[in-house]
Amino acid sequence: MSSGTSIEEKRKIVDEVLTVYPKKTREERAGHIGVSDPEDAGSCAVANNVKSRPGVMTIRGCAYAGSKGVVWGPVKDAIHISHGPVGCGQYSWWSRRNYYNGILGVTSFVTMQFTSDFQERDVVFGGDKKLTKMIQDLDRLFPLNKGITIQSECPIGLIGDDIEAVARETSAQIGKPVVPVRCEGFRGVSQSLGHHIANDSIRDWVLGSRDIPDEGTPYDVAVIGDYNIGGDAWSTLKIFREMGLRVVALWSGDGTIQELAHTPRAKLNLIHCYRSMNYICRHMEEKYGIPWVEYNFFGPTKIKESMRKIASYFDDKIQEQTEKVIEAYEPMMQATIEKYRPRLEGKKVMLLVGGLRPRHTIGAYEDLGMEVVATGYEFAHEDDYERTAREVQEATIIYDDPTAYELEQFASRLDIDLVGSGIKEKYVYHKMGLPFRQMHSWDYSGPYHGFDGFPVFARDMDMAINNPSWDLIQTPFES
Ligand code: SF4
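Residues numbered from 1 in each chain as written. Predicted model: local features only at pLDDT ≥ 70, side-chain atom pairs only at ≥ 80, totals over all residues. Heavy atoms only, no water.

**Focus on the overall build of the protein**
Within the protein, the secondary structure is distributed over 20 helices and 14 strands. Its C-alpha atoms give the protein a radius of gyration of 23 Å, near enough to 23 Å, the size a compact globule of 479 residues would have. When the backbone C-alpha atoms are referred to their principal axes, the protein occupies close to 70 × 60 × 45 Å. Taken over 479 residues, the protein has a buried fraction of 57%. Of the contacts formed within the protein by residues at least 6 apart in sequence, a portion of 73% connects residues at least 24 apart. When the accessible surface of the protein is totalled, it reaches about 19700 Å², and 53% of it is carbon and sulfur. A gap of 4 Å separates the mean positions of the 55 positive and 68 negative side-chain charges of the protein. (Helix = DSSP H or I, 4+ residues; strand = E, 2+ residues; numbered from the N terminus. Rg over C-alpha atoms; globule rule 2.2 N^0.38 Å. Buried < 20%, exposed > 50% of the residue type's maximum accessible area, 1.4 Å probe, protein only. Contact = heavy atoms within 4.5 Å. Areas by Shrake-Rupley, 256 points an atom, 1.4 Å probe, with all protein chains shown as cover. Lys, Arg positive; Asp, Glu negative; His and termini not counted. Charge placed at Lys NZ, Arg CZ, Asp CG, Glu CD.)

Take a look at the structure:
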């Protein structure tokens, strides 16, 4: 499947788009945009994981967003303190749809906003005393919490506060883990370093810190890097359970701090979001000898491929059961494809998401006959682009940390039928008359993972593209 636009034509489009920049910016941005070329396996290897150019309207966030917003925030039975001034915690308050079960404010705290609300005096005199008092108060006010994390915002590292000392002292006082996380937004170049820092904080302060009660079963697995957006991890859990596996930990959507601590009992780590959690999988492999396998639960082709790959790590019993599960869902998958594929066949999609979905959702679009003609990441690394090269069609435009201007240009020049990106992009494209789906928040829909997610995904894409409102953008009184 190919859009018919050649590699050369796509390169010409990229060059034209870049002409608007001053020389230095043009040269730098040119390194971040490529066109996939099967003749040249490295053509998806665009420059990545480096600083954004100032003033170009990057779509990126910061390390705090990667740690508190993505990795730690969903851990439901712990209290996460946004340590610093009020902004970061307030803006990120319940803005990511990492679903969970629990009693808010009693056993679970995901959708609450805890902040040390720094004032000028805290910057001048330091915030350690305030933090100590806050942790003691929080443990008294919310006694069923199972731990507390300190998510550092920008000023903390700059003023020289010793949050590690506070963590050790208060942890001994309250008898629960208190985890200091050095995820100040000035560290790194994007959310990505925040993931790494958060992974390392779990490694150093939580993982393996509890006695594992029993040997477990040969079928114990952990789901790593599923944040349960709109219930994604729940539709995933259902499949693993039906396959006969026992999921002992969720990292971290609907997960608990206890589960994180107990994960070394797993026999296999199943990793969905490679970018945000490959670090902890590598560590568990080195320290505990737990193998890990990447999987993809977007769209029936990838789901079935992944289930068989995971089953191959286990015995005949699991493998046979896996085939039965696949067979059982086949009619539902076929019915979805029969209903939606004729309405979506040949539609061209442009994506820009964070560190996983720009490649992971391609299979689901292709199951519906759609073609991803341009895709890219906010904060991917070299290894993500290598994986992307295996998923994209020839002549796909690949961009790293694209600017708002570049995305608008590509959307208008590539005759796109659907844009999939984030909230900062959404309304720009609506005003351009282009169908748009939010591919972070699922546009308040979902789940999109697993067999239960695919019909929702297909319905949502159809609803966006074939919506009658797109025919009404132009006033009838203008020729
Ligand atoms: S860059 Fe600093 S101030 Fe901005 S959201 Fe991140 S931690 Fe907060």
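**Observations regarding the domain arrangement of the protein**
Here the protein is partitioned into domain 1 (7-57 + 336-471), domain 2 (67-206) and domain 3 (220-328). Distance between the C-alpha centres of domain 1 and domain 3: 27 Å. With 29 residues of domain 1 at the interface, the matching set in domain 3 holds 26 residues. Taking both sides of the interface into account, the surface hidden between domain 1 and domain 3 amounts to around 2300 Å²; carbon and sulfur atoms contribute 57%. On the domain 1 side of the interface with domain 3, the three residues burying the most area are His360, His449 and Phe451, jointly 33% of the side's total. Linking domain 1 with domain 3 are five salt bridges. Linking Glu391 and Lys302 is a salt bridge whose minimum nitrogen-to-oxygen distance equals 3.0 Å. (Domains from an automatic or database assignment. Buried area = accessible area lost by both parts, 1.4 Å probe. Salt bridge = Lys/Arg side-chain N within 4 Å of Asp/Glu carboxyl O.)

**Re the sheet that holds strand β14 (residues 436-438)**
What the six strands build is an open sheet, ordered β1-β12-β11-β10-β13-β14; its pairing is mixed. Each end of this open sheet is capped by a strand with a single partner; those strands are β1 (33-35) and β14. If you compare each strand with its neighbour and ignore which way they point, the axes differ by 15 degrees on average. Bridging between strand β11 (residues 371-377) and strand β12 (residues 397-400) involves four bridges; their strand directions are parallel. Each residue of the ladder has a partner; that of Ala374, found in β12, is Ile397. (Pairing = 2+ DSSP bridges. Axes fitted to C-alpha atoms, helices over the stretch in contact; angles between N-to-C directions.)

**Things to note about helix α13 (residues 300-311)**
When the terminal C-alpha atoms of α13 are compared, their 16 Å separation across 12 residues agrees well with the 16 Å that a helix rising 1.5 Å per residue should span. Taken together, the buried positions of α13 are Pro300, Lys302, Ile303, Lys304, Ser306, Met307, Ile310 and Ala311. (Expected span 1.5 Å × (residues − 1).)

**Considerations on a nonpolar patch on the surface**
On the surface, a cluster of nonpolar side chains totalling about 250 Å² of accessible area is made up of Ile103, Val106 and Leu144. Mapped onto the fold, Leu144 is located in the loop between α6 (128-141) and β4 (148-152). (Patch = residues over 30% accessible without salt bridge, like charges linked within 9 Å, V, L, I, M, F, W, Y side chains within 5 Å.)

**Regarding helix α9 (residues 191-205)**
Across its 15 residues, α9 extends 21 Å between first and last C-alpha, which sits within 8% of the 21 Å expected from 1.5 Å per residue. Within α9 the residues assigned to the buried category are Gln191, Ser192, Gly194, His195, Ile197, Ala198, Asn199, Ser201 and Ile202. For α9, the N-terminal capping position is held by Ser190, with its side-chain oxygen 3.1 Å away from the main-chain nitrogen of Ser192. (Polar contact = N/O pair within 3.5 Å; in protein donor to acceptor, adjacent residues only side chain to side chain.)

**Re the site of the ligand**
The ligand sits among Cys62, Tyr64, Cys88, Glu153, Cys154 and Gly185. In terms of residue class, the shell around the ligand is made up of four nonpolar, one polar and one charged. (Near = heavy atom within 4 Å. Nonpolar A, V, L, I, M, F, W, Y, C, P; charged D, E, K, R; others polar.)

**Observations regarding the packing of aromatic side chains**
Taken as a whole and assessed by the stated rule, the structure comprises 19 aromatic pairs. Centre to centre, the rings of Phe240 and Tyr295 are 5.5 Å apart; their planes meet at 75 degrees, and the pair counts as edge-to-face. Remark: Tyr295 occurs in the loop between β9 (292-294) and α13 and Phe240 occurs in helix α10 (residues 232-243); sequence separation between them is 55 residues. Tyr295 sits in the buried class, given a relative accessible area of 2%. Geometrically, the ring pair formed by Tyr377 and Tyr385 is edge-to-face, given 5.1 Å between the ring centres and 80 degrees between the ring planes. By relative accessible area, Tyr377 is classed as buried at 0%. Chaining the aromatic ring pairs together yields one cluster made of Phe298, Tyr365, Trp442, Tyr448, Phe454 and Phe457. Across from the ring centre of Tyr274, 3.9 Å away, lies the NZ or CZ of Arg387, which sits over that ring. (Phe/Tyr/Trp six-rings, centres within 6.5 Å; stacked < 30°, edge-to-face > 60°. Lys NZ or Arg CZ within 6 Å of the ring centre and 35° of its normal.)

**Comments concerning the pattern of salt bridges**
Tallying each qualifying case throughout the model produces 34 salt bridges. Among the salt bridges present, the one from Glu164 reaches Arg182, with a minimum N-O distance of 3.0 Å. Linking Glu164 in helix α8 (residues 163-174) with Arg182 in the loop between β5 (178-181) and α9, this pair joins segments that are 18 residues apart in sequence. You can call Arg182 buried: its relative accessible area is 18%.

**So, the side chain of Lys68**
As for its placement among the helices and strands, Lys68 is situated in helix α3 (residues 63-72). Within the buried core, Lys68 has no salt-bridge partner, and the shortest N-O distance to an opposite charge, that of Glu153, equals 7.7 Å. There is a polar contact of 2.9 Å between the side chain of Lys68 and the side chain of Ser92. Lys68 has contacts with Gly73, Pro74, Ser82, Gly89, Ser92 and Gln151, leaving out every residue within four places of it along the chain.

**A word on the nonpolar core**
Core analysis: the largest hydrophobic core is formed by 93 residues, its most contacted members being Trp72, Phe240, Trp251, Ile310 and Tyr365. Apart from the residues lying within four places of it in its own chain, the contact partners of Tyr365 are Val349, Leu351, Met370, Val372, Leu418, Met439, Phe457 and Met461. Leu352, Ala374, Ala395 and Tyr429 belong to the second-largest nonpolar core, a separate cluster that totals 25 residues. (Core = buried A, V, L, I, M, F, W, Y, C linked by side-chain atoms within 4.5 Å.)

**Notes on the sheet that holds strand β7 (residues 246-252)**
The strand order across the open sheet built from four strands is β7-β6-β8-β9, with neighbouring strands paired in parallel fashion. Of all strands in the sheet, those bounded by a partner on one side alone are β7 and β9. Here the average twist between neighbouring strands, direction ignored, is 25 degrees. Each of β6 (220-226), β7, β8 (268-271) and β9 touches helix α12 (residues 274-288); the most contacted strand, β8, lies at about 170 degrees to it.

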